[in-house]
Amino acid sequence: MELVLLTALGVGGATVIGAVIGFLFRKISHTFSDIVLSFAAGVMLAAAVLGLILPSLEYGGKYGLGITVIGIFVGALCLNLIDKIVPHLHKMVGSDTEAHQNTNLSKVLLFVTAIAIHNLPEGIAAGVGFGSGDDTRALIIAAGIALQNIPEGMVIIGPMLAAGVKPKKTFVLAMLTGVVEVVGTLIGYLAVSVASAILPFALAFAGGTMLYVISDEMIPETHAHGHERGATYALLVGFCLMLVTDVLLG
């Protein structure tokens, strides 16, 4: 449980690290942001497949394939439902008019709320990984999510400062989006610990949410500013790095 708690704090703390970087470098180039986010997408993709979806097939027994496929789609549909309720993150982040020059405080706070809501299933994915009992793979999943949280924390600083939010309050709000991820991690871990029978479905569900975030938000954002080639190779580097790590530590 101590490892889970420390990991949860690390995953949530990655957002805070990103926020600090956002304060130090308020005008981050799209090139740098796209490369870092693409690398994180590759890491998350490998973590979703190797750490969540494949174990779901293994733990599901003879019904593993059906459970895994259903779990993936249910996870994706849940995030799709969230996207209908709150703004698409890539539309807010990728738009200079909305994300960097918008002086409408309510829209910026709605943007931050959207990030916080999306952080919950990501945290659950990290927690569910530990429920499988494979701490190495769970840490790989958590590392992938944490890497994604750093650029996410970076991009939420500029819009809030531009909207007139005081720096101290801006930092607190950014930190709260990370706290949501800590809560999600604990929820995921406790859920599969209490009811181990749901583990195959929970793993697939978590994998589905990560695949949805990668495809619907991260890749479109990194391909929106003319850096598609570099972003693609950065994704491949991130994926292969986690693949090598999984083989060496597995």
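Residues numbered from 1 in each chain as written. Predicted model: local features only at pLDDT ≥ 70, side-chain atom pairs only at ≥ 80, totals over all residues. Heavy atoms only, no water.

> Explain the overall build of the protein here, please?
When you go through the protein residue by residue, the secondary structure sums to eleven helices and zero strands. The burial tally for the protein puts 50% of its 250 residues in the buried class. Of all intrachain contacts in the protein linking residues separated by at least 6 positions in sequence, the fraction that spans at least 24 positions is 85%. When the accessible surface of the protein is totalled, it reaches about 11200 Å², and 72% of it is carbon and sulfur. (Helix = DSSP H or I, 4+ residues; strand = E, 2+ residues; numbered from the N terminus. Buried < 20%, exposed > 50% of the residue type's maximum accessible area, 1.4 Å probe, protein only. Contact = heavy atoms within 4.5 Å. Areas by Shrake-Rupley, 256 points an atom, 1.4 Å probe, with all protein chains shown as cover.)

> Please clarify how the packing of aromatic side chains should be interpreted in this entry.
The geometry of an aromatic ring pair is captured by the separation of the ring centres together with the interplanar angle, meaning the angle of the planes. Per the counting criterion, the structure on display carries two aromatic pairs. Ring centres 6.4 Å apart and planes at 45° place the aromatic pair Phe23 and Phe171 in the tilted group. With Phe23 in helix H1 (residues 2-24) and Phe171 in helix H9 (residues 167-194), the pair connects residues that are 148 residues apart, well separated along the chain. Overall, the relative accessible area of 29% leaves Phe171 in the partly exposed class. (Phe/Tyr/Trp six-rings, centres within 6.5 Å; stacked < 30°, edge-to-face > 60°.)

> Which parts of the structure should I look at to understand a nonpolar patch on the surface?
Taken together, the side chains of Leu120, Val172, Met175, Leu176, Val179, Val183 and Ile187 define a hydrophobic patch exposed on the protein surface, amounting to about 520 Å² of accessible area. The element that contributes the greatest number of residues to the nonpolar patch is H9, accounting for six residues. You can see Val172 is positioned in helix H9. (Patch = residues over 30% accessible without salt bridge, like charges linked within 9 Å, V, L, I, M, F, W, Y side chains within 5 Å. Salt bridge = Lys/Arg side-chain N within 4 Å of Asp/Glu carboxyl O.)

> It is not clear to me how the packing of helix H2 (residues 30-59) against helix H7 (residues 135-155) should be interpreted in this structure. Could you clarify?
Packed helix pairs are specified by the crossing angle of their axes together with the interaxial distance, meaning the distance between the axes. Close contact between H2 and H7 brings their axes to 8 Å; oriented N to C, the two are set at 155°. Our classification of the angle between H2 and H7 gives roughly antiparallel. At the point where H2 passes H7, the crossing takes the left-handed sense. Grouping the amino acids of the contact of H2 with H7 by side-chain chemistry returns 17 nonpolar, three polar and two charged. (Axes fitted to C-alpha atoms, helices over the stretch in contact; angles between N-to-C directions. Parallel < 35°, antiparallel > 145°, perpendicular 65-115°, else oblique. Left-handed = near helix turned anticlockwise from the far one by under 90°. Nonpolar A, V, L, I, M, F, W, Y, C, P; charged D, E, K, R; others polar.)

> What is the right way to read empty space enclosed by the protein from this model?
Rolled over the atoms, a probe with the dimensions of a water molecule shows which regions are left empty. Under the defined criterion, the tally for this structure stands at two cavities of 30 Å³ or more. A volume near 40 Å³ is recorded for the second largest cavity. Around the second largest cavity, the lining residues are Ala46, Ala47, Leu50, Gly51, Arg137, Ile140, Ile141, Met242 and Asp246. A per-class count over the lining of the second largest cavity returns six nonpolar, one polar and two charged. (1 Å grid on protein atoms, 1.4 Å probe; cavity = no way out; pocket = protein on both sides within 12 Å on 5 of 7 lines; lining within 4 Å. Points joined across faces, edges and corners; volume = space filled by probe spheres on them.)

> I tried to follow the environment of Ile156 on my own but got confused; where do I start?
Position of Ile156 among the secondary structure elements: in the loop between H7 and helix H8 (157-162). The class of Ile156 is buried, set by a relative accessible area of 1%.

> Looking at this structure, how should I read the nonpolar core?
A general tendency of soluble globular proteins is for nonpolar side chains to be buried together. Formed by 34 residues in total, the largest nonpolar core has its most connected members in Leu52, Ala125, Val128, Ile141, Ile145, Met210 and Met218. Elements with a minimum of two residues in this core: H2, helix H3 (64-85), helix H6 (105-131), H7, helix H10 (199-222) and helix H11 (228-249). Broken down by element, the residue count for this core peaks at ten residues, all from H2. With sequence-adjacent residues up to four places away left out, Leu52 is seen in contact with Ala47, Ala125, Gly129, Ile141, Leu203, Ala204, Ala206, Gly207 and Met210. Counting twelve residues, the second-largest nonpolar core is a separate cluster that includes Phe23, Val112, Leu161 and Ala174. (Core = buried A, V, L, I, M, F, W, Y, C linked by side-chain atoms within 4.5 Å.)

> Looking at this structure, I do not really get the confidence of the model for the protein. What am I missing?
Close inspection of predicted coordinates is inappropriate in any region flagged by low pLDDT. When pLDDT is averaged along the protein, the result is 81; 88% of the residues meet or exceed 70. Overall, residues 90-103 carries pLDDT values under 50, and its contacts beyond four positions in sequence, including any with other chains, amount to 30 contacts. (pLDDT = per-residue confidence, 0-100.)

> What is the right way to look at H2 in this model?
Note that an α-helix has 3.6 residues per turn; residues three or four places apart therefore point the same way. Across its 30 residues, H2 extends 41 Å between first and last C-alpha, which sits within 8% of the 44 Å expected from 1.5 Å per residue. Its maximal kink placed at Ala48, H2 deviates by approximately 30°. At the C-terminal side of H2, Gly61 shows a positive phi close to 65°. (Expected span 1.5 Å × (residues − 1). Bend = angle between axes of the 7 residues up to and from the residue.)

> Please clarify how the side chain of Thr15 should be interpreted in this entry.
On the secondary structure map, Thr15 appears in helix H1. Ignoring any residue separated from it by four or fewer positions in sequence, one finds Thr15 in contact with Asn149, Gly153, Ala174, Thr177, Gly178 and Glu181.

> What is the right way to look at the packing of H1 against H9 in this model?
Between H1 and H9, the shortest axis-to-axis distance is 8 Å and the interhelical angle comes to 155°. Here H9 runs roughly antiparallel to H1, going by the angle between their axes. Two packed elements cross with a definite hand, and for H1 against H9 that hand is right-handed. Contacts between H1 and H9 involve Val4, Leu5, Ala8, Leu9, Val11, Gly12, Thr15, Val16, Ala19, Val20 and Phe23 from the first element and Pro167, Thr170, Phe171, Ala174, Met175, Thr177, Gly178, Glu181, Val182, Thr185, Leu186 and Tyr189 from the second. Across the contact of H1 with H9, the residue classes break down as 16 nonpolar, six polar and one charged.

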